[in-house]
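Descriptive structure summary
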Amino acid sequence: MTIREVQTILDARLLTGEDSLDKEVLSACGSDMMSDVLAFVKDQAVLLTGLCNAQVIRTAQMMDILCVVFVRGKNPTEEIIQMAAESGITVLGTDHRMFSACGMLWEGGLNGGAGYDKFH
Amino acid sequence: MTNSTELLYVISGEDFASAGEASTSFKNELKKLNVSPEVIRRASIAMYEGEINMVIHAYGGTARVTVDDKDIKIVLADNGPGIEDVEKAMQAGYSTATDGIRDLGFGAGMGLPNMKKYSDEMTIETHEGEGTTVTMIVHREPEVS
């Protein structure tokens, strides 16, 4: 699935990263807890979150996440968007709630990555 | 000949918004040193979790990094309150963070477990009331057994 398709499926606003809309994403992760996100690394991933602070972008930077989607109509500050832009991360905003947004992407063919990582 | 690069970061404990700046800079340095992307990602996540820990629990600290041909060594040192129960702190899900910290997206009890998961070796030295030093080593190449 491309980031453009993610945007269409979620009826999302593009906040930064127009150049990357045709990039392919392979998996997604939805969480408001960044440490939970940091526990499960997947390649070329999308992060859906209702948390709206600079640490979301930092987390995405550390994990090479391609696209961050702010759910539930959360609007990140200009500073946060700028931070994402500088590191080449596409940022989308959708009014859908977390559960719905994840479900819609799943239905569209994106999943959480093959199975799950055993933590222990 | 062994090439070695030393990096030092001072991590401020006052500003949560800037937490992670050291890790971002560290990640960029690793890229310059031609470390493989997967190793960079593991080392960066370990460093970032450590940095966040120092900010939320220990009023900041320092990160000393040594990169040579074989390893990336990260030594995180703080003068914070120390970890009361290391065994508990190592359990996934255990956290002493406040609700305020959880509102910021951390304190899920995954910090130290993640640091252990992404590093190849990790040791914790902690003294109550004096501080904590966490040493993490990430190998640049997977070990051949």
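Residues numbered from 1 in each chain as written. Chains lettered and ligands numbered in written order. Predicted model: local features only at pLDDT ≥ 70, side-chain atom pairs only at ≥ 80, totals over all residues. Heavy atoms only, no water.

**Details of unusual backbone geometry**
Positive phi outside glycine occurs at A:Asp11, with the angle close to 50°. Within the element layout of this structure, A:Asp11 appears in the loop between α1 (3-9) and β1 (13-16). Given the relative accessible area of 63%, A:Asp11 is considered exposed. With a phi close to 60°, B:Asn34 is a non-glycine residue in the positive phi region. Positionally, B:Asn34 belongs in the loop between α1 (21-32) and α2 (37-57). (Helix = DSSP H or I, 4+ residues; strand = E, 2+ residues; numbered from the N terminus. Buried < 20%, exposed > 50% of the residue type's maximum accessible area, 1.4 Å probe, protein only.)

**Some remarks on the pattern of salt bridges**
Taken as a whole, this structure holds 10 salt bridges over all chains when the rule is applied. The partner of B:Arg41 in a salt bridge is A:Asp43, with the nearest N and O atoms 3.0 Å apart. Here B:Arg41, found in helix α2, pairs with A:Asp43, found in the loop between α2 (34-39) and β3 (45-49), and the two come from separate chains. Close ionic contact of B:Arg42 with B:Asp120 constitutes a salt bridge, the shortest N to O distance being 3.1 Å. Of this pair, B:Arg42 sits in helix α2 while B:Asp120 sits in the loop between α5 (111-118) and β4 (121-127), placing them 78 residues apart in sequence. Connected through shared salt-bridge partners, A:Asp43, B:Glu38 and B:Arg41 make up one network. (Salt bridge = Lys/Arg side-chain N within 4 Å of Asp/Glu carboxyl O.)

**Let's talk about the side chain of B:His139**
Residues and elements named next belong to chain B. With respect to the secondary-structure elements, His139 resides in strand β5 (residues 131-139). Judged by relative accessible area, which is 14%, His139 ranks as buried. A distance of 2.7 Å separates the side chain of His139 from the side chain of Asp71, its partner in a polar contact. For His139, the contacting residues outside a window of four places in its chain are Val39, Lys70, Asp71, Asp120 and Glu121. (Polar contact = N/O pair within 3.5 Å; in protein donor to acceptor, adjacent residues only side chain to side chain. Contact = heavy atoms within 4.5 Å.)

**Section: the environment of A:Leu14**
Residues and elements named next belong to chain A. By the secondary structure assignment, Leu14 is in strand β1. Distance in space between the C-alpha atoms of Leu14 and Arg4 is 9.4 Å, their sequence separation being 10 residues. Residues contacting Leu14, with those up to four places away along its chain left out, are Gln7, Leu21, Thr90, Val91 and Leu92.

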